[in-house]
Each structure stands twice: as C-alpha cells, then as structure tokens.
There are 2 protein chains.
Amino acid sequence: MSTEGKGVLLKADPIANTFRDEIKSALASSPRPPKLVGILATNSAPSRFYSEFTKKQCDALGVEFVLRKVGAAADESLAPGEGVEEAIIEANEDDTVDGIMVYYPIFGVQQDHYLQQIVSPYKDVEGLHFKFHYNLYHNIRFLDPKTLGSSLPAINNAPPAVNDEPPAGYVKSILPCTPLAIVKCLEYIGVYNKILPYGDRAYGKTITVINRSEVVGRPLAALLANDGARVFSVDIDSIQEYTKRPRQSAEERKYHPRHVVHPTSLSLQECLAVSDVVVSAVPSAEYKVKTAWLKDGCVCVNVAADKNFEADVREKASLYLPTIGKVTIMMLLRNL
Amino acid sequence: MSTEGKGVLLKADPIANTFRDEIKSALASSPRPPKLVGILATNSAPSRFYSEFTKKQCDALGVEFVLRKVGAAADESLAPGEGVEEAIIEANEDDTVDGIMVYYPIFGVQQDHYLQQIVSPYKDVEGLHFKFHYNLYHNIRFLDPKTLGSSLPAINNAPPAVNDEPPAGYVKSILPCTPLAIVKCLEYIGVYNKILPYGDRAYGKTITVINRSEVVGRPLAALLANDGARVFSVDIDSIQEYTKRPRQSAEERKYHPRHVVHPTSLSLQECLAVSDVVVSAVPSAEYKVKTAWLKDGCVCVNVAADKNFEADVREKASLYLPTIGKVTIMMLLRNL
C-alpha cells in the first residue's frame, strides 16, 4: 500500500527528550537527588509495567525511585489495594520523600478518587489532588505555597500571568500529568502558537476531546479552553462546548479569564468536521473515531491504552500521535 | 391476606422525632438561628422535592433556610449545574452562612465528588468532604477544630473515646448524613446494644450492606465495623468483609481500633443467611433482595429511592424500615 498522501506518524520520544534535558539540568543544580515513592497495590499488568517504566526513567535521570509494593502486589494472598492508604500516609509523613505516585486503577473510580485526596498536595507529583484541579478549572496558574496547606479552595490573588514565570512569592500550580503532557505535545507540534500572547496560544483552534473523566477529559478541555481554544467535550451522553469566548464577564476579563461551559446541539460528526485537533481517551478497545468524519489535515492524539482511531486515520490526519506515555512520565518528573 | 407472622413496618417519623426535640432545645440556647444555604442546580424532581422538604423542616425548627437556584433550576435555558461551583464558593466566603447543602446528583459521580471537596469543611453539614470520610475510615471520632483547615489528612492525636463526649479542646468529627442516619435507626431499634461499651455497641451483630459507593455503602460498612459489627460489603462485582476482629494489631488495640477489610469467598446468599441486619442502597428499581434468602427475624433497611426489598419482605424480616429520609435530614440539621 502506498503511503502517498498519508499523514505523519509521530512517536512521543522526541517530545519527551526535550523535557529530559530540561529535567537533567535542573537536577544538576539540586543539592541531593529527589526521592520519588511509587506505590503499587495490584497485580495488573499495565500498573506493573508502568512502575518498571518509572524506575527506568528515574534511574536514567538520577532520581531516587523507591517502589513500595502493598496488597496483592506484595503478597498474592492479600486483596488488591490492601494497605495502600497506610502506605500513602507513611510517605506523606516521611520527610525524606519528595514525591508520591500511586498506580491506579486500584478500587474503582470513586474509592480511587478518595485516595487521591489523601496524598499530601506538597508531594502530589501526579497533580490529582482536588486543589490542583480547582486551580486548573479556575485558571489560577500561580499560587502562594502556603495556601497548599489549607483545606479551602485557593483564593485567587496572584497578579495576572503575563508569561509562564510566577511573580515573586508565588510558585506554579501543579497541573495533572496527562492533560499537561497533551498540551506539551500540542505545543511541540505547533498547535499552540508561540507568537500569540501567553495564556491565549490556542486561540483560533477548534479541538474535540472525547472523554470527560475528572482525570483526563474534563481538565484537558478546561486547560485548552483557558488557553483560548474552542473545545468540544464529548462523553457518552452529552457534548459540551468549552470556551473563553464570547461569554466572558468584565470581572473575568480583568483578572483571571477562565473558560465557560455551555451545552451544544452539534453532533460528534459535526464537531469532528470542524476540529483541527481530536484527542481521544476512551478506555475501550471497541471505541473508534471514524476516519471518514475527520477534517482533512487535522491532528489526532490517542491517549487511551487501546487504539481509539481506525487503522487508516492518517488518510485524513496530517499528524497522528498513537501514544503519549513517555511525555506523561516526563511531566511527572518535572512536577517532582 | 393474614398479617399473622408478619414483621413490623417501621416508619422513620418516631426516630426523626427524637432528634427533632434534641435540635430544638440546642437551638433555644443559640444566640441567633443558624443559616443553611441549599444549592439547587437541576430540575430533577427528587432534588426539587428534597429542597422543599429541607425548607419545611427548617421552618418548623426555626433554622433560617435560603434556597439558591442556579443553572437549569434558575433558568431553563441554562445547563444543569451551570454556576453551581460559583454558588458554593460564594457561600464558603459568606460569614453569615453556617451550613451548605448541595442537591446531588448534578453532573455524575466524578464531577460531583470534585464539588464535594469545594464545600468548606467548616460548613459541610452533609459530611461529604474527604476529611470526614478519612476520619470515619480511621475511626477518628474527635478532632482538633484547627486541623479542619489543613489540606492534609488529620493526625490522630485525640485520647481514645470512652463515651461520645469529646475531650476538652476537641469536637466531634462530622459523619456523612446517610450512614449516620442508618446507625441512628439501628440504635433506635436496639441493634446497637447500649449495655456494651461505647464504640463497640454493634459487637455480635452480622450486617450485610448492599452498595459500596463512597457516599453511602463504604462509609456505612466502615462505621458499623468500627462499632464492632461483622459487616459484609456487597457490590456488583465483589463481597468484602469489614471487621475489627480478629486482625487487630497491638498498635490499633492501644490507640484507635479501626476496622480492617478482607475479601470473602461467601456468596450473597450465604451472607444474607447469617445476617441480623440487611441494608440495601442500590439505585435501581429492578434490584430486589430475595426474601427467601433472608435470615428469619432479621431487620431490613431500605435506603434507596426505589424499593430494594420484595413486597413480602416482612414474611421473614421482624422489622422493615422502607425509608429513612426524615432521619437523614435531622442528621444534617444536627450537624449544622
């Protein structure tokens, strides 16, 4: 079969490498290597694989990685997840630990969400604590580190962001790893336009995000819309439009412009027909985005473990990223 | 049909009334009536009904109730949930507001869970903030009110509970309303034995809880097991046993005995055959607990909006509570 007219298949490696160098030089100026604790509580093959992958990446970069196995991962007679909460609390309280990552899924969406709140926000390299989601949804990019210790959502009192450097006394808010990795991929391939002002670099782009979970789809849609894109957020029973425009209040324009969400009457086919970028993160091997529905020359990003695009996706897509896991782990180490 | 041999049908009213009197006398000694804000963000009939019911109960007791309608509840052209997060933040920041309740479901389990973390734990009368779940799972009954302001899970440093009065400098931790209401029903009907020591009054009882959500089933199973019961926690794909005995470590015995969770090989039929109490909270009109599987003389409590027990449940049950909503709202006002 001829590859003429076919789009480019883009592996995650070159994108991950740009961050690898950045992390290496940051580590070189650090007094001691940071220590990351990985907590593995199940025997699931993807979690085991991902924990080994984390170790390899940490070793290569000079980050200290300690894998703590609990529950069924430590002893087959134990239940999956047994002891995981205790292991998190121990790592929270251990001053030598800088970062904690937990290999999900363990119990299921609800109980895993509870566990994500137990990880100290000071050590949450995955960015899964609700405080980080709150900052993302509210487009609060910088925070006073003291407010991380509060159980209340942050009051936004940082000056407006003019570039990605925090003002004195503030630090960058952690962003959830997977949505951040997707944004970094879109920056790499030029969907984000660096000539546009900081904080608005996706303006003019229409993006469809398929999945609206709290871990990937909803934060990603919000992040892209906060950066100026028109976003269609698609889940099994509804399609919503996320945009900064045109329903921005005077208050929002002045201080911390953030996206708003409206229902839309467009169908998935109509959304795809106008989308410059399609990101799919549906956890199902059966789900496929129809190539016939894609806009010619669009960019397609597969975030799911299974392939959510048809084999002929590059007949329509100008660029196809089949996997972004290597970038995600770099974001995690960067957060650390 | 003869009612001979049939168990007692117990309405929630007499149980709710015992708390109504307690709340009334507490309010009589309060300098001003407390203010509860209810946030209604959808047009769903059960949520509208429940908000009217809250108002009626507040009026009768002399609690100030303000219903804040947002999204589709305020204007049919708006989406369900639009503006709900902003309404929560406003109530958090309003010093005249003592308590906040939000009528769920709004967006679905995941996004609703996010909203539950946005409500200030100082005003969370429903007890849905992860800090209260943490205290419940860890059997931390009293807390230093200062720790409520921290984003970290509480360190358990209160002296062990000898009765239900907090030691000086501590307050009772809020318990999630629905699980607490079920416990209060079980106290009323004598499943909790007041002759046993405080904190262990369900010892000797075997209880099956059908549903393992983070809002009802899992906290309820933990609460009952922390109080000494042997609990089978049943969900669609597994059955777990929650118990304080016999896997208690020396550390736990000394300081804050809490339940442990193990998988069990018993089937639902086997669990029901030995259960003194069966609580069902399955959100489905189709789901029914088989009367034939119940232990003769057991107590059955229906927590779901739909009836989870068959029409002939009292052929086996000695007591049947078809609904506990009135007790739940009393718990909410008591938390306030």
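Here, the structure is the one placed above.
Residues numbered from 1 in each chain as written. Chains lettered and ligands numbered in written order. Predicted model: local features only at pLDDT ≥ 70, side-chain atom pairs only at ≥ 80, totals over all residues. Heavy atoms only, no water.

## Details of the relation of the copies chain A and chain B
Then comes step 1: Expressed as a screw transformation, the operator carrying chain A onto chain B has a rotation angle of 180° and an axial translation of 0.0 Å, and the superposed copies differ by an RMSD of 0.0 Å. Here the two chains are linked by the operation of a two-fold rotation axis.
Then comes step 2: Most of the interface of chain A is mirrored in chain B: 100% of its interface residues are interface residues there too. (Least-squares fit on C-alpha atoms with pLDDT ≥ 70 in both. Contact = heavy atoms within 4.5 Å.)

## Comments concerning the environment of Val37 of chain B
All names here are of chain B.
Then comes step 1: Among the structural elements, Val37 can be located in strand β2 (residues 35-40).
Then comes step 2: Sequence separation between Val37 and Asp98 is 61 residues, and the spatial gap between their C-alpha atoms is 8.0 Å.
Then comes step 3: In contact with Val37, not counting residues within four places along its chain, are Val66, Arg68, Val97, Gly99, Ile100 and Met101. (Helix = DSSP H or I, 4+ residues; strand = E, 2+ residues; numbered from the N terminus.)

## What about the packing of aromatic side chains?
For any pair of aromatic rings, the description rests on two quantities: the centre-to-centre distance and the angle between the ring planes.
All names here are of chain A.
Then comes step 1: This structure, assessed with the given rule, holds ten aromatic pairs over all chains.
Then comes step 2: The interplanar angle of 5° and the centroid separation of 6.3 Å between the aromatic rings of Phe49 and Phe53 together place this pair among those described as stacked. Linking Phe49 with Phe53, this pair stays in helix α2 (residues 45-61), spanning four residues, or about one helical turn.
Then comes step 3: By relative accessible area, Phe53 is classed as buried at 11%. (Phe/Tyr/Trp six-rings, centres within 6.5 Å; stacked < 30°, edge-to-face > 60°. Buried < 20%, exposed > 50% of the residue type's maximum accessible area, 1.4 Å probe, protein only.)

## Examining the nonpolar core
Then comes step 1: Judged by nonpolar contacts, the single largest core of 154 residues is most densely connected at Leu186 and Leu224 of chain A together with Leu186 and Leu224 of chain B.
Then comes step 2: Those residues in contact with Leu224 of chain B that lie beyond four places of it in its chain are Val183, Leu186, Tyr192, Ala202, Ile207, Val209, Ala229 and Val231 of chain B. (Core = buried A, V, L, I, M, F, W, Y, C linked by side-chain atoms within 4.5 Å.)

## Let's talk about the sheet that holds β2 of chain B
Each strand in a sheet pairs with its neighbour through backbone hydrogen bonds, running either in the same direction (parallel) or in the opposite one (antiparallel).
Residues and elements named next belong to chain B.
Then comes step 1: Ordered by their spatial adjacency, three strands build an open sheet running β3-β2-β4, and the pairing between neighbours is parallel. Each end of this open sheet is capped by a strand with a single partner; those strands are β3 (64-69) and β4 (99-102). On average, each strand axis in the sheet is tilted by 20° relative to the strand beside it, whichever way the strands run. (Pairing = 2+ DSSP bridges. Axes fitted to C-alpha atoms, helices over the stretch in contact; angles between N-to-C directions.)

## Some thoughts on the packing of helix α1 (residues 13-28) of chain B against helix α6 (residues 177-188) of chain B
Residues and elements named next belong to chain B.
Then comes step 1: At a minimum axis distance of 10 Å, the contact between α1 and α6 shows a crossing angle of 100°. Here α1 lies roughly perpendicular to α6, going by the angle between them. Residues Pro14, Ile15, Thr18 and Phe19 of α1 form the contact with α6, whose own contacting residues are Lys184, Cys185 and Tyr188.
Then comes step 2: By residue class, the composition of the contact of α1 with α6 is five nonpolar, one polar and one charged. (Parallel < 35°, antiparallel > 145°, perpendicular 65-115°, else oblique. Nonpolar A, V, L, I, M, F, W, Y, C, P; charged D, E, K, R; others polar.)

## A closer look at the pattern of salt bridges
Opposite charge on two side chains permits them to pair, given that their charged atoms come into close proximity.
Then comes step 1: For the coordinates displayed, the defined rule picks out 26 salt bridges over all chains.
Then comes step 2: Put simply, Arg68 of chain A and Glu90 of chain A hold a salt bridge, and the shortest N to O gap is 3.2 Å. Within this pair, whereas Arg68 of chain A is found in strand β3 (residues 64-69), its partner Glu90 of chain A is found in helix α3 (residues 84-93), the two being separated by 22 residues in sequence.
Then comes step 3: Arg68 of chain A gets classed as partly exposed once you look at its relative accessible area, which sits at 33%.
Then comes step 4: Two residues, Glu187 of chain B and Lys184 of chain B, come together in a salt bridge whose shortest N-O distance is 3.5 Å. In this pair, Glu187 of chain B and Lys184 of chain B are both assigned in helix α6, three residues apart and thus about one turn of the helix distant. (Salt bridge = Lys/Arg side-chain N within 4 Å of Asp/Glu carboxyl O.)

## Some remarks on helix α2 (residues 45-61) of chain B
Residues and elements named next belong to chain B.
Then comes step 1: The terminal C-alpha atoms of α2, which comprises 17 residues, lie 24 Å apart, in line with the 24 Å expected from a rise of 1.5 Å per residue.
Then comes step 2: By the burial criterion, the buried members of α2 are Ser47, Ser51, Phe53, Thr54, Gln57, Cys58 and Leu61. End-on, the buried residues of α2 take up no more than an arc of 165°, which puts them together on one face. Exposed residues lying more than 90 degrees from the buried face of α2 are Phe49, Glu52, Lys56 and Ala60.
Then comes step 3: Taken from the residues just after α2, Gly62 is the one with a positive phi, measuring 85°. (Expected span 1.5 Å × (residues − 1). Arc of directions from axis to C-beta.)

## Comments concerning the sheet that holds strand β1 (residues 8-9) of chain B
All names here are of chain B.
Then comes step 1: Judged by pairing direction, the sheet is mixed, and its eight strands sit side by side in the order β1-β13-β12-β11-β7-β8-β9-β10 without closing on themselves. The outermost strands of the open sheet, each flanked by one partner alone, are β1 and β10 (260-263).
Then comes step 2: Looking at chain direction, strand β7 (residues 206-210) and strand β8 (residues 230-235) are connected through five bridges and run parallel. Along β8, the bridge assignment pairs Val209 with Ser233.
Then comes step 3: Together, β7, β8, β9 (238-243) and β11 (277-280) form the strand contacts of helix α7 (residues 217-226), whose direction differs from that of β9 by roughly 35°.

## Let's talk about the side chain of Ser47 of chain B
Residue and element names in this part refer to chain B.
Then comes step 1: Secondary-structure assignment places Ser47 in helix α2.
Then comes step 2: Among the residues examined, Ser47 registers a relative accessible area of 4% and is labelled buried.
Then comes step 3: If sequence neighbours within four positions are ignored, Ser47 has contacts with Leu40, Thr42, Tyr103 and Tyr104.

## A short note on the state of the cysteines
Residue and element names in this part refer to chain A.
Then comes step 1: As enumerated under the stated definition, the model contains zero disulfides over all chains in all.
Then comes step 2: Considering cysteine sulfurs only, Cys177 is the nearest to Cys58, which forms no disulfide, with 12 Å between them.
Then comes step 3: Given the relative accessible area of 0%, Cys58 is considered buried.
Then comes step 4: Cys300 forms no disulfide, and the closest cysteine sulfur to it belongs to Cys298, at a distance of 3.7 Å.
Then comes step 5: A relative accessible area of 0% means that Cys300 is categorised as buried. (Disulfide = S-S within 2.5 Å.)

Note that all results are geometric; they support no functional claim without further evidence.
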